[in-house]
Amino acid sequence: MALISQAGPSYRVRTDMTRCTSGNTGGFSMASNVDASRMKETCVRFSSSSSYSAKAGQVLHLDNAGAGIRRGHRAIVAASSPTEDAVIATEPLTKEDLVAYLASGCKSKEKWRIGTEHEKFGFEFGTLRPMKYEQIAELLNGIAERFDWDKVMEGDYIIGLKQGKQSISLEPGGQFELSGAPLETLHQTCAEVNSHLYQVKAVAEEMGIGFVGIGFQPKWGLKDIPVMPKGRYEIMRNYMPKVGSLGLDMMFRTCTVQVNLDFSSEADMIRKFRAGLALQPIATALFANSPFTEGKPNGYLSKRSHIWTDTDNNRAGMLPFVFDGSFGFEQYVDYALDVPMYFVYRKKKYIDCAGMSFRDFLAGKLPCLPGELPTLNDWENHLTTIFPEVRLKRYLEMRGADGGPWRRLCALPAFWVGLLYDEVSLQNVLDMTADWTAEERLMLRNKVPKTGLKTPFRDGLLRHVAEDVLKLAKDGLERRGYKESGFLNEVAEVVRTGVTPAEKLLEMYHGKWGQSVDPVFEELLY
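Residues numbered from 1 in each chain as written. Predicted model: local features only at pLDDT ≥ 70, side-chain atom pairs only at ≥ 80, totals over all residues. Heavy atoms only, no water.

1. Observations concerning the overall build of the protein
Quick reminder of the rule: Secondary structure elements follow DSSP: runs of H or I of four or more residues count as helices, runs of E of two or more count as strands, with numbering from the N terminus. Each residue is placed in one exposure class: buried if its accessible area under a 1.4 Å probe, protein chains only, is under 20% of its type's maximum, exposed if it is over 50%, and partly exposed if it falls in between. By definition, residues are in contact when any of their heavy atoms lie within 4.5 Å. In this description, accessible areas are obtained by the Shrake-Rupley approach with a 1.4 Å probe, and a residue is regarded as covered only by the protein chains that are shown.
Counting secondary structure elements, the protein contains 17 helices and 24 strands. Looking at the 526 residues of the protein, the share that counts as buried comes to 60%. By sequence separation, contacts in the protein at least 24 residues apart represent 73% of the contacts at least 6 residues apart. A total of about 20,700 Å² of accessible surface is found on the protein, and carbon and sulfur atoms cover 50% of it.

Below is the structure:
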């Protein structure tokens, strides 16, 4: 097995995970004083320096292991995980290691957490123009100094902030993203969102900067959007036009909110993955909030969702194989191995490997790094470059919703927690969607961005399905016992009326806004 450790004798940190298969379910336990050889099940051992993170790219890190340079009370930290450059593989990685890496995410129900990520567009109050990188740098430095965040640098550029298990990062066009800490309740999640927005506004307003919660840039063209100084985005920007017509729009002009959720076993992961994929178009409809492009209605309720249909179909979509009887961690690894790579990170630089194969990398035959073998960090980085509607890492990411105002940022995790963290609701969802065909799921995914809850489905409308789904989410939250169901009020109104957020914006555009999108910056201002 490949054991990953920090180079040098001082920083050898290992967490032994034991994968135990008994019947069809894969369970995981921390290996302690139990002699694993005496266990009756078949066990695969997996070692890594791992820590749970709600944000991709920060998983294989060693906290306080000499990774940062302290300046006063704050640290300057490297652009990627501190282990990236110093990682050594004592033996070549195998496919089994890649499977075990995903499986190491399994955790018992009392350890399940909620991780929320949300992006927002910054703009100048006076001109409504997007924030330039220089303004973003000033904002990041101001937040770091005023609220005690550590700065994340790439070369001489500040590209993010970190504080505990929260991080702030920049999307390619300067979209400002909070990747929240893994939290126990939705009350904590919503408090985290509020705290973040308070901190950002406290610094940004002094600079004449505001933030708007919407799924697609409503006013400005691609040529007007600044490019962030991040190496991986340069590689993606060059590659995107080769594989789809809308990839640059995805990179520079979209904002999303997503929630990351845990699973207890391989069987539990499969159930949640299938429920999440089947219902993702309903989430897209409920949160649809991107009806404008360059100052005019674009013909969609969720332009952001539509963009993913022609960004790069090798790495996006509805993953029909998840519904195959043979699906599990290994099948997802097979899929991910065949998703073309973007880059490899070495010596603080991104090496362009766009279009190349991770299978070749495993065999030491990667054209951009001949003879070099991947580490688990490379695998983790590769997993962050896959963009289906639900994504598997060491947790599951629900990726179908547009960015929106703060109440909706709390509603999205509430919706999915109620459905997926309650066994009764989860089973009801699986029963409800069991006979949906792959063609029906794909039809919903393709039509919902245009027609939302009014999308015809079987003998009714998607709105009627959404009514049942919302009741399951509410019941699931009530059974959790944390008094969290109030967070669904924002989407309950959407289901009750059948009118999506985007349709409300369009109504205002054609009415009191006098066919101008400029008022949306005030309407959806954080």
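2. A short note on the state of the cysteines
Two cysteines joined by a covalent bond between their sulfur atoms form a disulfide. This is how the line gets drawn: Disulfide: a pair of cysteine sulfur atoms within 2.5 Å of each other.
Applying the stated criterion to the full structure yields two disulfides. There is a disulfide in this structure between Cys-190 and Cys-410, and the S-S distance comes to 1.9 Å. A torsion of 80° about the S-S bond marks the disulfide between Cys-190 and Cys-410 as right-handed. Residue Cys-190 is located in helix 3 (residues 186–204), and its partner Cys-410 is located in helix 11 (residues 406–420); the two are separated by 220 residues in the primary sequence. Linked covalently through their sulfurs, Cys-353 and Cys-368 form a disulfide whose S-S length is 2.0 Å. Torsion about the S-S bond of the Cys-353 and Cys-368 cystine: about 85°, corresponding to right-handed handedness. Within this pair, whereas Cys-353 is found in the loop between strand 19 (349–352) and helix 9 (358–362), its partner Cys-368 is found in the loop between helix 9 and helix 10 (376–383), the two being separated by 15 residues in sequence. On the basis of relative accessible area, Cys-353 is assigned to the buried category, the value being 0%. By sequence-ordered numbering of the bonded cysteines, the protein has its disulfides arranged as 1-4, 2-3.

3. Re the pairing of strand 9 (residues 150–154)
Which entries qualify depends on this criterion: DSSP-based pairing: two strands are paired if at least 2 bridges between them are found.
Judged by how many residues are buried, strand 9 sits mostly within the fold: five of five residues are covered. The alternating pattern of strand 9 places Asp-150, Val-152 and Glu-154 on one face and Lys-151 and Met-153 on the opposite face, and all of these are buried. In this sheet, strand 10 (residues 157–163) lies alongside strand 9 in antiparallel orientation, the contact comprising five bridges. Across the sheet, the residue bridging to Glu-154 is Tyr-157, located in strand 10.

4. A word on the side chain of Glu-389
Here Glu-389 is to be found in the loop between strand 20 (387–388) and strand 21 (390–392). Excluding residues that lie within four positions of it along the chain, Glu-389 makes contacts with Leu-277, Gln-280, Thr-284, Trp-308, Gly-317, Met-318, Glu-397, Met-398, Arg-399, Gly-400 and Arg-445.

5. Digging into unusual backbone geometry
Peptide bonds are trans in most cases, and residues, glycine excluded, mostly fall at negative phi. Non-glycine residue Leu-319 carries a positive phi angle of around 45°. In this fold, Leu-319 is placed in the loop between strand 17 (316–317) and helix 8 (329–338). According to the relative accessible area criterion, Leu-319 is buried, its value standing at 4%. Its identity as a non-glycine residue notwithstanding, Gln-515 has a phi of 55°, on the positive side. Checked against the element boundaries, Gln-515 lands in the loop between helix 16 (501–510) and helix 17 (520–523).

6. Details of the environment of Lys-483
One can find Lys-483 in the loop between helix 14 (462–480) and helix 15 (489–497). With a relative accessible area of 76%, Lys-483 lands in the exposed category.

7. With respect to the pattern of salt bridges
The condition is simple: Think of a salt bridge as a Lys or Arg side-chain nitrogen and an Asp or Glu carboxyl oxygen that are within 4 Å of each other.
Counting across every chain of the model gives 35 salt bridges. For Asp-334, the salt bridge identified is with Lys-95, shortest N-O distance 2.7 Å. Here Asp-334, found in helix 8, pairs with Lys-95, found in helix 1 (residues 95–103); they are 239 residues apart in sequence, far enough to count as distant. A relative accessible area of 23% places Asp-334 in the partly exposed class.

8. Remarks on helix 1
Most of helix 1 is tucked away, with seven of its nine residues classed as buried. Turning to helix 1, its buried residues number three or more, namely Asp-97, Leu-98, Val-99, Ala-100, Tyr-101, Leu-102 and Ala-103.

9. A closer look at the environment of Phe-323
Checked against the element boundaries, Phe-323 lands in the loop between strand 17 and helix 8. On the basis of relative accessible area, Phe-323 is assigned to the partly exposed category, the value being 24%. Separated by 46 residues in the primary sequence, Phe-323 and Leu-277 place their C-alpha atoms 9.5 Å from one another.

10. Side note on the side chain of Arg-399
Rule in force here: Pairs of N or O atoms within 3.5 Å make up the polar contacts considered here, provided that, within protein, one atom can donate a hydrogen while the other can accept it, and that residues adjacent in sequence are counted only when both atoms are side-chain atoms.
Checked against the element boundaries, Arg-399 lands in strand 22 (residues 396–402). There is a polar contact of 2.9 Å between the side chain of Arg-399 and the backbone oxygen of Pro-388. Contact partners of Arg-399, with chain neighbours within four places excluded, come to Thr-256, Gln-258, Gln-280, Arg-304, Trp-308, Phe-387, Pro-388, Glu-389 and Arg-391.

11. Focus: the nonpolar core
Definition in use: To define a nonpolar core, start from buried Ala, Val, Leu, Ile, Met, Phe, Trp, Tyr and Cys residues and group those joined through side-chain atoms within 4.5 Å.
Phe-176, Phe-273, Tyr-332, Trp-379, Phe-415, Trp-416 and Leu-419 are the most contacted members of the largest nonpolar core, which has 114 residues in total. Top contributing element to this core by residue count: helix 6 (residues 266–286), with eleven residues.

12. Quick look at the packing of helix 2 (residues 133–147) against helix 3
Put simply, the rule reads: Note on geometry: axes are C-alpha line fits, over the in-contact stretch for helices, and angles between N-to-C directions span 0 to 180 degrees. Working rule for handedness: look at the near helix, and if it is turned counterclockwise from the far one by less than a right angle, call the crossing left-handed; if clockwise, right-handed. Under the scheme applied, nonpolar residues are Ala, Val, Leu, Ile, Met, Phe, Trp, Tyr, Cys and Pro; charged residues are Asp, Glu, Lys and Arg; polar residues are all the others, including Gly.
Contact geometry for helix 2 and helix 3: axes closest at 9 Å, N-to-C directions at 115°. Remark: the crossing between helix 2 and helix 3 carries right-handed chirality. Listed contacts from helix 3 to Leu-139, Gly-142, Ile-143, Arg-146 and Phe-147 of helix 2 are Tyr-198, Gln-199, Val-200, Ala-202, Val-203 and Ala-204. For the contact of helix 2 with helix 3, the per-class residue count stands at eight nonpolar, two polar and one charged.

13. Notes on the packing of aromatic side chains
The test is simple: The criterion for an aromatic pair is that two Phe, Tyr or Trp rings (for Trp, the six-membered ring) have centres within 6.5 Å, with stacked assigned to planes under 30 degrees apart, edge-to-face to planes over 60 apart and tilted to the rest.
By the definition in use, this model includes 22 aromatic pairs. Taken together, a centroid distance of 5.7 Å and an interplanar angle of 80° make the contact between Tyr-239 and Tyr-342 edge-to-face. Of this pair, Tyr-239 sits in helix 4 (residues 231–243) while Tyr-342 sits in the loop between helix 8 and strand 18 (343–346), and the two are 103 residues apart along the sequence. The interplanar angle of 50° and the centroid separation of 5.9 Å between the aromatic rings of Phe-273 and Tyr-332 together place this pair among those described as tilted. Note that Phe-273 is positioned in helix 6 and Tyr-332 in helix 8, a separation of 59 residues in sequence. You can call Phe-273 buried: its relative accessible area is 0%.

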